[in-house]
Amino acid sequence: MNCHRSLSAVRRLHTIHARKLLYCDYGEPSQVVKLVEEKLSSPQSNQIVLEMLGAPINPADINTVQGVYPIKPPLPSVPGNEGVGRVLSVGSDVKNISVGDTVVPLDVGLGTWRTHGIFDASKWMKVSSKLGLAEAATLLTNPPTAYRMLKDFVSLKPGDVVIQNGANSACGQYVIQLCNAWNLTSVNVVRDRPNICDLKDSLMKLGASHVLTEEELRSTSLFKSGGLKAPKLALNCVGGQSGMEILRKLQSRGVHVTYGGMSRQPVTAPTSALIFKDVQLRGFWMSRWSKENATNQERQNMYQEIIELMLSGAVKAPAHKLLPFKDYEIPLKKTLDMKGFTGQKFIFTFGENV
C-alpha cells in the first residue's frame, strides 16, 4: 500500500487537521454531502486514531445518504461503510491493535469517507499490510457476501453448477473467483452491450466457466446438449425478468437467492417451478449476517480464508478506479447513474493532496 509514514513521525503528532465528508439531511449525495474540517486529538482508552488509506463508494453508501437504505444513521453523519486505514495512535486499553497496523472495519456505518478519524478499536480488524489497497478497502461487504451465499444455502461440491445474473458487478466478480478457487462451475449472465466481447473476455479471465447475455440464456442449450448439469444455486442481484430466467434453469429443489434489485423490478417465479421443481426463493443481506455473527468464530475464519485467497492471487479486487479524496464530487454524481453500478468501482485515496 501507499501512504506509508514513519512511526516516529506518527508518535510526534498531537493534533491532526482532518477532513471529512458530512451530511446533515437525507437527499441526493451531490446536494447534501459537504466537505468539512476538524481537529483530532488523543484517543480515549478504548479508541484508535486512523489515517485512512482507501474507501470505496458503494450503492449502499449512496442509498444511505438518500435515506432509502434500511440502516439510517443518526444525523449529522459521515458516509462510507468500507475502507482501510493505518493506525496512528491507540488508547491505553487497546490490546490487539498497535501503532502502524493496517485495519479494516468490522461494522457498517463507521463513516470512512474522511482523511483521519477516531474510532472504537473493537470495530476494526487487523489485516496483513501485504493486501492490496483495493482488496483491503473492499473487504467488508462484497467478498463475504459472495462467500456466504456460496456456503450457506446449498451444499456445493466440486463440479456443481452455480448460475448468477449481474455477473460483472463487484459481488458477481467475487462469486466467479470463489467458484473458480473451489472448483465450482459458474454460469454468468450479463446484459448485452456494445463491448460485450470485451466484457465476456474479462470475466473468463477472472475464472468464469461460461458467460451468457440475458438473451442467450433464454435460448441456450448449455444445460441440454451442452452436457452441463442444471444449477443447484442461483444468485440474483437484478430481479425482474432476469431473476426469473436464472430461476428457470435451476434443478429440482434448487435454491434462488436474491441479494439485490438493480432493475428495481420485483422477483417473480413461475408456478410450475414452485410446484413441480420445489425450488426455494431466499434472500440474503450481509449486514444482517454480520450483526448476527459479530462474535462468531466463523466470521473470523471466513475473513481469514478470503484474505489468504487474496494474498495467493486467487482472488483480487473487482474492476475499480482510484480517485483522490479532493475529487469527491465526481464519483458521487457518477454513482447515481444506475449504469455505474455495473461498471468500475470508485475508491477514494488519501494522501498529501487530499
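Residues numbered from 1 in each chain as written. Predicted model: local features only at pLDDT ≥ 70, side-chain atom pairs only at ≥ 80, totals over all residues. Heavy atoms only, no water.

Per an unreviewed UniProt entry, the protein is named Enoyl-[acyl-carrier-protein] reductase, mitochondrial, and its organism is Frankliniella fusca.

Trainee: Help me get a handle on the packing of helix α5 (residues 142–152) against helix α12 (residues 297–312), residues and values and all.
Mentor: At a minimum axis distance of 11 Å, the contact between α5 and α12 shows a crossing angle of 110°. Here α5 is positioned roughly perpendicular relative to α12, judged by the angle of their axes. Here α5 runs over α12; the crossing is right-handed. Contacts from Pro143, Pro144, Tyr147 and Arg148 of α5 reach α12 at Glu298, Met302, Tyr303, Glu305, Ile306 and Met310. (Axes fitted to C-alpha atoms, helices over the stretch in contact; angles between N-to-C directions. Helix = DSSP H or I, 4+ residues; strand = E, 2+ residues; numbered from the N terminus. Parallel < 35°, antiparallel > 145°, perpendicular 65-115°, else oblique. Left-handed = near helix turned anticlockwise from the far one by under 90°. Contact = heavy atoms within 4.5 Å.)

Trainee: Summarise a nonpolar patch on the surface; cite the residues concerned and give the values.
Mentor: A surface patch of nonpolar side chains, about 490 Å² in accessible area, is lined by Val267, Leu274, Ile275, Phe276 and Leu281. When residues in the nonpolar patch are grouped by element, the largest group, three residues, is from helix α10 (residues 271–276). With respect to the helices, strands and loops of the structure, Val267 is situated in the loop between β12 (255–258) and α10. Judged by relative accessible area, Val267 falls into the partly exposed class, the value being 35%. (Patch = residues over 30% accessible without salt bridge, like charges linked within 9 Å, V, L, I, M, F, W, Y side chains within 5 Å. Areas by Shrake-Rupley, 256 points an atom, 1.4 Å probe, with all protein chains shown as cover. Salt bridge = Lys/Arg side-chain N within 4 Å of Asp/Glu carboxyl O. Buried < 20%, exposed > 50% of the residue type's maximum accessible area, 1.4 Å probe, protein only.)

Trainee: Please give an account of the side chain of Lys249 that cites residues and values.
Mentor: For Lys249, the location among the structural elements is in the loop between α9 (240–248) and β12. Despite its burial, Lys249 pairs with no opposite charge, the nearest such side chain being Glu245 at 5.5 Å. Within the structure, Lys249 has its side chain in polar contact with the backbone oxygen of Leu217 (distance 3.4 Å). Setting aside anything within four residues of it in sequence, one finds Lys249 in contact with Ile163, Leu217, Arg218, Thr220, Phe223, Ala230, Pro231 and Lys277. (Lys, Arg positive; Asp, Glu negative; His and termini not counted. Polar contact = N/O pair within 3.5 Å; in protein donor to acceptor, adjacent residues only side chain to side chain.)

Trainee: Give a detailed account of the side chain of Thr185, specifying residues and quantitative values.
Mentor: Relative to the helices and strands, Thr185 is located in strand β9 (residues 185–190). Contacts of Thr185, omitting those with residues within four sequence positions, involve Gly159, Asp160, Val161, Val162, Ser209, His210 and Leu228.

Trainee: Please provide a residue-by-residue account of the sheet that holds strand β13 (residues 280–283), values included.
Mentor: Consider a sheet: its strands pair through backbone hydrogen bonds, and that pairing is either parallel or antiparallel. Pairing in this open sheet of six strands is parallel, and the strands run β10-β9-β8-β11-β12-β13 from one edge to the other. Two strands bound the open sheet, and with one partner strand each, they are β10 (210–213) and β13. Averaged over neighbouring strand pairs, the angle between their axes works out to 20° when direction is ignored. By the bridge criterion, four bridges tie β9 to β10 in an arrangement that is parallel. (Pairing = 2+ DSSP bridges.)

Trainee: Tell me about unusual backbone geometry, residues and numbers included.
Mentor: The amide bond that connects Leu75 to the next residue, Pro76, takes the cis arrangement and shows omega of 0°. Looking at the element boundaries, Pro76 is found in the loop between α3 (59–66) and β4 (84–90). With phi around 60°, Asn183 is a residue other than glycine that occupies positive phi space. A positive phi angle is found at Arg253, which is not glycine, with a value near 60°.

Trainee: Give a description of the packing of aromatic side chains that names residues and reports values.
Mentor: For the coordinates displayed, the defined rule picks out eight aromatic pairs. Here Phe119 and Trp124 contribute two aromatic rings whose centre-to-centre distance is 4.9 Å and whose plane-to-plane angle is 55°, an arrangement assigned as tilted. Of the residues examined, Trp124 reaches a relative accessible area of 4% and is grouped as buried. Seen in terms of ring centroids, Phe325 and Phe350 are 4.9 Å apart; in terms of plane orientation they differ by 45°. Their pairing is tilted. Separated by 25 residues along the polypeptide, Phe325 in the loop between β14 (320–324) and α13 (329–335) and Phe350 in the segment after β15 (345–349) bring together distant segments of the chain. Comparing Phe325 with Phe350 shows no difference in burial state: the two are buried. (Phe/Tyr/Trp six-rings, centres within 6.5 Å; stacked < 30°, edge-to-face > 60°.)

Trainee: Before we move on, can you summarise the nonpolar core with the specific residues and values?
Mentor: Core analysis: the biggest nonpolar cluster contains 46 residues, and Leu139, Leu233 and Leu235 have the highest contact counts within it. Counting residues per element, the ones that place at least two in this core are β7 (124–127), α4 (133–137), α5, α6 (170–181), β11 (233–236), β12, α11 (286–292) and α12. Residue contributions to this core peak at six residues, all from α12. The next biggest cluster of nonpolar side chains, apart from the first, holds 27 residues, and it includes Ile48, Met52, Val103 and Leu323. (Core = buried A, V, L, I, M, F, W, Y, C linked by side-chain atoms within 4.5 Å.)

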